[in-house]
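Each chain, written out:
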Amino acid sequence: MKDNSESAAPTAATLLNDLHALLTEVEKMLADPAGAPTKAAVGALRARFDAAQDCLSGLYEGAKKNVADGARRTDAAVRANPYQALAIAAGIGLLIGLLAGRRIK
């Protein structure tokens, strides 16, 4: 059975929503010439910005790890089956060449 509760791990969508909300608040603060931003408001915005940076760093590290793991698995598969990998690569290259060289009449 699937659990529909949100996970604690940050996602790109939540990061994007947080940054959009932060940008909206900054625009409101800058658009109001009468109300000068207070130190508390600037501090709160800075804290949210720092949290967004930390979230982005976490997402980056996770993506970097996934790419490295995928590269290791691909390398192991190619080393285990070199002739099959070569045949697949040649077939894909042939297919792309045929599609690219096709003339539309």
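Below is a summary of the structure that appears in this document. (Residues numbered from 1 in each chain as written. Predicted model: local features only at pLDDT ≥ 70, side-chain atom pairs only at ≥ 80, totals over all residues. Heavy atoms only, no water.)

1. Details of the overall build of the protein chain
Then, in step 1: The helix and strand tally for the protein chain stands at three helices and zero strands.
Then, in step 2: Seen in sequence order, the protein chain has helices and strands lined up from the N terminus as α-α-α.
Then, in step 3: Out of the 105 residues belonging to the protein chain, those deemed buried represent 6%.
Then, in step 4: Total accessible area on the protein chain is roughly 9200 Å²; 64% of this is exposed by carbon and sulfur atoms. (Helix = DSSP H or I, 4+ residues; strand = E, 2+ residues; numbered from the N terminus. Buried < 20%, exposed > 50% of the residue type's maximum accessible area, 1.4 Å probe, protein only. Areas by Shrake-Rupley, 256 points an atom, 1.4 Å probe, with all protein chains shown as cover.)

2. Quick look at the pattern of salt bridges
Then, in step 1: The full count for this structure, using the stated rule, is four salt bridges.
Then, in step 2: Residue Asp50 is joined to Arg46 by a salt bridge in which the shortest nitrogen-to-oxygen separation is 3.6 Å. In this pair, Asp50 and Arg46 both sit in helix 2 (residues 39-80), four residues apart, roughly one turn of the helix.
Then, in step 3: Residue classification places Asp50 among the partly exposed positions, given a relative accessible area of 29%.
Then, in step 4: The salt bridge involving Arg79 is made with Asp75; its shortest N-O contact spans 3.0 Å. One end of the pair, Arg79, and the other, Asp75, are both in helix 2, four residues apart, so they sit about a helical turn from each other.
Then, in step 5: For Arg79, a relative accessible area of 65% gives the class exposed.
Then, in step 6: Classification of Asp75 by relative accessible area gives partly exposed; the value is 38%. (Salt bridge = Lys/Arg side-chain N within 4 Å of Asp/Glu carboxyl O.)

3. Remarks on a nonpolar patch on the surface
Then, in step 1: Residues Ile88, Ile92 and Ile96 make up a contiguous nonpolar surface patch of roughly 300 Å² in combined accessible area.
Then, in step 2: Relative to the assigned elements, Ile92 resides in helix 3 (residues 82-101).
Then, in step 3: Take Ile92: its relative accessible area is 48%, and that puts it in the partly exposed class. (Patch = residues over 30% accessible without salt bridge, like charges linked within 9 Å, V, L, I, M, F, W, Y side chains within 5 Å.)

Nothing here speaks to function; it is geometry throughout.
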